[in-house]
Amino acid sequence: MYRKLLIAIDPEDDGEGKRALEAAMDLLAEDGELHLASVYSPGGGGFFPHVTEEAPEQKEAQVREVLDLLVRKYLPLNRSASLHVIAGSAGEKLVGLAGQLCADLMLLVSRGGSGHWPLRKATVEYVSVNAPCPVLVLPSVEKSEPEKGEKDS
């Protein structure tokens, strides 16, 4: 069992968050610490830096709200989690946070390059190689889920 577990969460994928939290509950010691982290890009509009979709404070608040909702939906009531919302390069920030927290294990869910996070595959590789703790990469559940429109019988 692990005492300090860090989960990297894509705030735009509820299924990924649920999967990661379920796996974490199987791995976390009864009195262990659970940390959820999401990294967002604070960048502006590329060639038009004065045009931004949202202020960084708004983006951070949005991501924090999504993480909080995930915790309320999928974390058992007797458990709690610390939320970390960080602006910057996902791989570097996750590795840094794992070191800062002295994490025993980091959990990631990988969907290759098709996910919402830019450079997902590169991020998973960077974190796996550079993290100061073991990294568990969970496969995507997308492959096993039915297509939209199909219903369970």
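In what follows, the accompanying structure is described. (Residues numbered from 1 in each chain as written. Predicted model: local features only at pLDDT ≥ 70, side-chain atom pairs only at ≥ 80, totals over all residues. Heavy atoms only, no water.)

Remarks on the overall build of the chain
Then comes step 1: Secondary structure summary: the chain contains four helices and five strands in total.
Then comes step 2: Secondary structure elements of the chain, listed N to C terminal, follow the sequence β-α-β-α-β-α-β-α-β.
Then comes step 3: The buried share of the chain, reckoned over its 153 residues, is 39%.
Then comes step 4: Taking all contacts inside the chain whose residues are at least 6 apart in sequence as the whole, residues at least 24 apart take part in 75%. (Helix = DSSP H or I, 4+ residues; strand = E, 2+ residues; numbered from the N terminus. Buried < 20%, exposed > 50% of the residue type's maximum accessible area, 1.4 Å probe, protein only. Contact = heavy atoms within 4.5 Å.)

Here we look at the nonpolar core
Then comes step 1: L5, I7, I9, A24, L34, L36 and L107 are the most contacted members of the largest nonpolar core, which totals 23 residues.
Then comes step 2: Counting residues per element, the ones that place at least two in this core are β1 (2-8), α1 (14-27), β2 (28-40), α2 (56-74), β3 (82-87) and β4 (105-110).
Then comes step 3: Core analysis: the next-biggest nonpolar cluster, separate from the first, contains 18 residues, L94, L97, L101 and V127 among them. (Core = buried A, V, L, I, M, F, W, Y, C linked by side-chain atoms within 4.5 Å.)

Quick look at the pattern of salt bridges
Then comes step 1: Applying the stated criterion across every chain, the model contains four salt bridges.
Then comes step 2: Between R3 and D31 there is a salt bridge whose closest N-O contact spans 2.6 Å. With R3 in strand β1 and D31 in strand β2, this pair connects stretches of sequence that are 28 residues apart.
Then comes step 3: A relative accessible area of 54% places D31 in the exposed class. (Salt bridge = Lys/Arg side-chain N within 4 Å of Asp/Glu carboxyl O.)

Observations regarding the sheet that holds strand β5 (residues 135-139)
Then comes step 1: Pairing is parallel in the open sheet, where five strands are placed in the order β3-β2-β1-β4-β5. What marks the edges here is a single partner per strand, and that holds for β3 and β5. Averaged over all neighbouring strand pairs, the angle between strand axes comes to 25°, with direction disregarded.
Then comes step 2: Sheet topology places β1 next to β2; six bridges connect them, and they run parallel. Residue L6 lies in a different strand from β2, and its bridge partner there is H35.
Then comes step 3: Across the sheet, α1 touches β1, β2, β4 and β5, and the angle it forms with β2 is around 155°. (Pairing = 2+ DSSP bridges. Axes fitted to C-alpha atoms, helices over the stretch in contact; angles between N-to-C directions.)

Overview of the side chain of H84
Then comes step 1: By the secondary structure assignment, H84 is in strand β3.
Then comes step 2: Engagement of the side chain of H84 in a polar contact is seen with the side chain of H35, the distance being 2.9 Å.
Then comes step 3: Setting aside anything within four residues of it in sequence, one finds H84 in contact with H35, L36, A37, S38, L67, L97 and L101. (Polar contact = N/O pair within 3.5 Å; in protein donor to acceptor, adjacent residues only side chain to side chain.)

Description of the packing of α1 against α2
Then comes step 1: Direction vectors running N to C along α1 and α2 enclose 55°, while the axes themselves pass 10 Å from each other. Judged by the inter-axis angle, α1 sits oblique to α2. In this structure, the crossing between α1 and α2 has a hand that is right-handed. Contact residues: α1 offers D14, G17, K18 and L21, while α2 offers L70, K73 and Y74.
Then comes step 2: In terms of residue class, the contact of α1 with α2 is made up of three nonpolar, one polar and three charged. (Parallel < 35°, antiparallel > 145°, perpendicular 65-115°, else oblique. Left-handed = near helix turned anticlockwise from the far one by under 90°. Nonpolar A, V, L, I, M, F, W, Y, C, P; charged D, E, K, R; others polar.)

With respect to α1
Then comes step 1: For α1, with 14 residues, the first-to-last C-alpha span of 20 Å sits near the 20 Å given by 1.5 Å per residue.
Then comes step 2: Looking at α1, one finds that the buried residues are E16, G17, A20, L21, A23, A24 and M25.
Then comes step 3: Looking at the packing, one finds that the buried side of α1 touches β1, β2, α2, β4, α4 (120-130) and β5.
Then comes step 4: Capping the start of α1, D13 holds a side-chain oxygen 3.1 Å from the backbone nitrogen of G15, two or three residues further along. (Expected span 1.5 Å × (residues − 1).)

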